[in-house]
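Breakdown of the fold
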Amino acid sequence: MKIFIITIAVVILYSFTVVFTQDYRQAQRNSYRLKYVCEELTATGASFYDLEEYSEGYTIFSTGEGIGAIRNQMTRLLSVDSSMNPTANSYWSKNVEYKVYFYDDSGICKVYTNGNLEREEAFAYGDLHKDDWTSYNTIISDPTVVVTINAGSARFRLRFLDPLPDIIRSSSHEWEGR
């Protein structure tokens, strides 16, 4: 009977280990995927700029077009619908939130949260960008687009792991087209 009880305990412990390892690897893969999405979205946002201002030597982002393209690309890359709710095949379990910062030659940083203009603030090149959601900091030395995505917590099947922090990734893209 003693061997039977020990065997059952080992099988249960092994099952917990296998489930946790599988969930952890899936969370890690999706965190890397979220990093890739952030990098793609920053490049997308930086691709839209005012051609007339650019012909005069200034890089001014077309934030309306950039936000539209970012939102469109995000729905495809993260498997969310147009209101940022996860679709049936998505890894994420709650609404995806995102924040976009546009720093350009106008000297005004435009901050968008979930596609809506949140605020505008003055800045100068050489200032430090401090992300509102993360500890991501970078020096703004050229026109830059910063995208931060909060995709919610990872999906772990073991319920005692529920109070996990959200997976938040951030990335920036500097425009050096001078």
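In the block above lies the structure referred to throughout.
Counting starts from 1 at the beginning of each chain's written sequence and moves along it residue by residue. Reporting in this predicted model follows two pLDDT cut-offs: at least 70 for local features of residues, and 80 or more for side-chain atom pairs to be given and counted; totals over whole chains, interfaces and linings ignore these cut-offs and use all residues. Side-chain descriptors were evaluated using all non-hydrogen atoms of the structure, hydrogens and water having been removed beforehand.

With that out of the way, let us pick up the environment of T21. Secondary structure is summarised from DSSP: a helix means a run of H or I of at least four residues, a strand means a run of E of at least two, and numbering begins at the N terminus for each. Residue placement: T21 occurs in helix 1 (residues 2–46). T21 sits 61 residues away from S82 along the chain, and the two C-alpha atoms are 33 Å apart. A polar contact is formed between the side chain of T21 and the backbone oxygen of T17, at a distance of 2.7 Å. Any N or O atom pair separated by 3.5 Å or less is treated as a polar contact, with the protein-specific requirement of one donor-capable and one acceptor-capable atom, and with residues adjacent in sequence counted only for side-chain atom pairs.

What follows covers the packing of aromatic side chains. Working definition: rings of Phe, Tyr and Trp (its six-membered ring) pair if their centres are within 6.5 Å, and the pair is stacked with planes under 30 degrees apart, edge-to-face with planes over 60 apart, and tilted otherwise. Summed over all chains, the structure comprises seven aromatic pairs. Taken together, a centroid distance of 6.1 Å and an interplanar angle of 25 degrees make the contact between F20 and Y24 stacked. Taken together, the residues F20 and Y24, both in helix 1 and four residues apart, mark about one turn of the helix. Only protein chains enter the accessibility calculation, which uses a 1.4 Å probe. A residue is then buried if its area is under 20% of the maximum for its type, exposed if over 50%, and partly exposed in between. A relative accessible area of 44% means that Y24 is categorised as partly exposed. Judged by centre distance (5.1 Å) and plane angle (55 degrees), the rings of Y49 and Y54 are tilted. Since its relative accessible area comes to 23%, Y49 is described here as partly exposed. Counting every residue linked through ring pairs, the aromatic cluster contains F61, F102 and Y112.

Another point: the sheet that holds strand 7 (residues 166–174). When DSSP locates at least two bridges between a pair of strands, those strands are taken to pair. Pairing is antiparallel across the open sheet formed by five strands, whose spatial order is 3-2-1-6-7. Because the sheet does not close on itself, it has two edges, and the strands there are strand 3 (116–122) and strand 7. Across the sheet, the axes of successive neighbouring strands diverge by a mean angle of 15 degrees, strand direction being ignored. The pairing of strand 6 (residues 144–153) with strand 7 spans eight bridges and is antiparallel. Across the sheet, N150 pairs through a bridge with I168, a residue of strand 7. For this analysis, residues touch if any pair of their heavy atoms sits within 4.5 Å. What counts as an axis is a line fitted to C-alpha atoms, over the stretch in contact for a helix, and the angles between N-to-C directions run from 0 to 180 degrees. The sheet contacts of helix 1 involve strand 1 (97–103), strand 6 and strand 7, and relative to strand 7 the element is tilted by about 30 degrees. In this fold helix 3 (residues 63–77) packs onto strand 1, strand 2 (108–113) and strand 6, with an angle of close to 150 degrees to the strand it touches most, strand 1.

Note: most residues except glycine have negative phi, and most peptide bonds are trans. One non-glycine residue, S79, adopts positive backbone phi at about 55 degrees. By the element assignment, S79 lies in the loop between helix 3 and strand 1. Residue classification places S79 among the buried positions, given a relative accessible area of 17%.

With that out of the way, let us pick up the state of the cysteines. Two cysteine sulfur atoms form a disulfide, by the criterion used here, when they sit within 2.5 Å. Inspection of the entire model under this criterion finds zero disulfides. Free of any disulfide, C38 has its nearest cysteine sulfur in C109, 16 Å distant. A relative accessible area of 0% places C38 in the buried class. Residue C109 is classed as buried on the basis of its relative accessible area, which comes to 0%.

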